[in-house]
Amino acid sequence: MVANNENYGGLIDNGAIAIEDDKIAWVGSAEDIPLDYRDWTSKDFEGALATPALIDAHTHIVFGGDRAVEFEMRLEGASYEEVARAGGGIISTVKATRAASVEQLVESALPRLDALIAEGVTTIEVKSGYGLNLESERNMLLAARQLATLRDIEVRTTFLGAHATPPEYKDQPDDYIRLVAEDMLPRLHEEGLVDSVDGFCEGIAFSPDQMKIVFEAAKKLDLPIKLHAEQLSNLGGAALAASYGALSADHLEYLDDAGVKAMADAGSVAVLLPGAFYTLRETQLPPLDLLRTHQVPIALATDCNPGSSPLTSLLLTMNMGATLFRMTPDECLAATTRHAAKALGLDDRGTLAAGQRADIAIWNIQHPAELSYRIGFNPLKARIFGGKP
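Keep in mind that what you see is a predicted model, and the values were worked out from it rather than measured.

Caption draft 1: Broad picture of the overall build of the protein. Looking only at helices and strands, the protein has 15 helices and 13 strands in total. Relative to its length of 389 residues, the protein is compact, with a C-alpha radius of gyration of 21 Å against a globular reference of 21 Å. Expressed along its principal axes, the backbone C-alpha trace of the protein runs to roughly 70 × 40 × 40 Å. Taken over 389 residues, the protein has a buried fraction of 54%. Residue pairs in contact within the protein that sit at least 24 positions apart in sequence constitute 71% of those at least 6 positions apart. Counting only carbon and sulfur atoms, one obtains 48% of the accessible surface of the protein, whose full area is about 15,900 Å². Both charge centroids of the protein, one from 33 positive and one from 56 negative side chains, sit 2 Å from each other.

Caption draft 2: Representation of the pairing of strand 5 (residues 121-127). With 7 of 7 residues buried, strand 5 lies mostly within the body of the structure. Note that strand 4 (residues 54-56) and strand 5 share 3 bridges and pair parallel. Paired with Leu54 across the two strands is Val121, which belongs to strand 5.

Caption draft 3: Layout of the packing of helix 5 (residues 134-150) against helix 6 (residues 173-190). Axis separation between helix 5 and helix 6 bottoms out at 11 Å; the angle between their running directions is 35 degrees. Helix 5 and helix 6 meet at a crossing whose hand is right-handed. Note on element contacts: helix 6 touches helix 5 through Met184, Arg187 and Leu188, opposite Leu134, Glu137, Arg138 and Leu141. Grouping the constituent residues of the contact of helix 5 with helix 6 by class yields 4 nonpolar, no polar and 3 charged.

Caption draft 4: Region of interest: the sheet that holds strand 3 (residues 49-52). The 3 strands are arranged 3-12-13 in an open sheet whose pairing can be described as antiparallel. Of all strands in the sheet, those bounded by a partner on one side alone are strand 3 and strand 13 (380-384). Taking the axes of each pair of neighbouring strands and ignoring which way they run, one obtains an average angle of 20 degrees across the sheet. Sheet analysis places strand 3 next to strand 12 (residues 360-363), joined by 4 bridges and oriented antiparallel. Along strand 12, the bridge assignment pairs Leu49 with Trp363.

Caption draft 5: Looking closely at the packing of helix 4 (residues 102-117) against helix 5. The N-to-C vectors of helix 4 and helix 5 enclose an angle of 50 degrees; their axes lie 9 Å apart at closest approach. The angle between helix 4 and helix 5 falls in the class oblique. In terms of crossing hand, the pair formed by helix 4 and helix 5 is right-handed. Mapping the contact onto sequence places Val102, Leu105, Val106, Ala109, Leu110 and Leu113 in helix 4 and Asn139, Met140, Leu142, Ala143, Gln146, Leu147 and Leu150 in helix 5.

Thresholds applied
Residues numbered from 1 in each chain as written. Predicted model: local features only at pLDDT ≥ 70, side-chain atom pairs only at ≥ 80, totals over all residues. Heavy atoms only, no water. Helix = DSSP H or I, 4+ residues; strand = E, 2+ residues; numbered from the N terminus. Rg over C-alpha atoms; globule rule 2.2 N^0.38 Å. Buried < 20%, exposed > 50% of the residue type's maximum accessible area, 1.4 Å probe, protein only. Contact = heavy atoms within 4.5 Å. Areas by Shrake-Rupley, 256 points an atom, 1.4 Å probe, with all protein chains shown as cover. Lys, Arg positive; Asp, Glu negative; His and termini not counted. Charge placed at Lys NZ, Arg CZ, Asp CG, Glu CD. Pairing = 2+ DSSP bridges. Axes fitted to C-alpha atoms, helices over the stretch in contact; angles between N-to-C directions. Left-handed = near helix turned anticlockwise from the far one by under 90°. Nonpolar A, V, L, I, M, F, W, Y, C, P; charged D, E, K, R; others polar. Parallel < 35°, antiparallel > 145°, perpendicular 65-115°, else oblique.

Here's what the structure looks like:
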């Protein structure tokens, strides 16, 4: 059976997919296979279900150390903001990341990446943002690039220098933002390490005016932008990002009607991150009905990171999207395939159609809803990356 992901309208019983090199050549019923393809080498997956391979469109999978102690602090009642203001949070990971070599960052990231690959993921976004100086941000991005040479995976890198103010700029956030925009970003882009640019627009991070400086620098370099926005409060970050034609705005628990409309007008994707919502025990739900009403594409991602979402399962993320955010299983599948591809600016994957990359997941299930229904169970039978099993 072959399943695309728009109200399961692409569900084909006894389906077949023809692959030539790294592209899909044809999709349809096995009874209708064109004569040109009938002599090709074939593989029978015996009643399994084929979907587009999964895409994790928001991760911080490269980092040093862990934050299990802070997890305990939050269990004892400390809020995410209280932990951050006490010198924990992102800054504690910065210390560990700065102390790690590129090789150590790669070594620690591989088990997390392997867990995602084992669930049918073929494309992943990896953000920097735990170095907060040129050398360490470079090391994170180099490590992200190396992951794609060690595994059959496509890695899209995102420069997140505007993640937090580093200790050495504690009382000079404006100076740090200028360093990010005028020095770090241009140099890392020149080295071929940056596919897109992100920031954290929040009271504990950076203001919209500060993010404008970074976005203007990205615009000069013709780099697409994304933004962590409206996670803990509403500063209008999503609308700001949309005004720059952002690929996505992410988190969005406090997104308002104006922000939704701005995203709809810009074609920006809403990337929802239920792992962080769950870990931080948030209660403010993203405005799903508003996003649906204005037809904003909705993606789901793990947000894999050491503090607020130590999650390495996109299948569990889909279940969380359904149970916590009340998304339908069909929405969850679209959110981790075609909408996730759009959130990364990739139009060559995310659906099963002629001309698309042959990135395919084969599942031991009978219906696509099972991917969101099960908890802690991985039914992957086979994973095809660029036409290669």
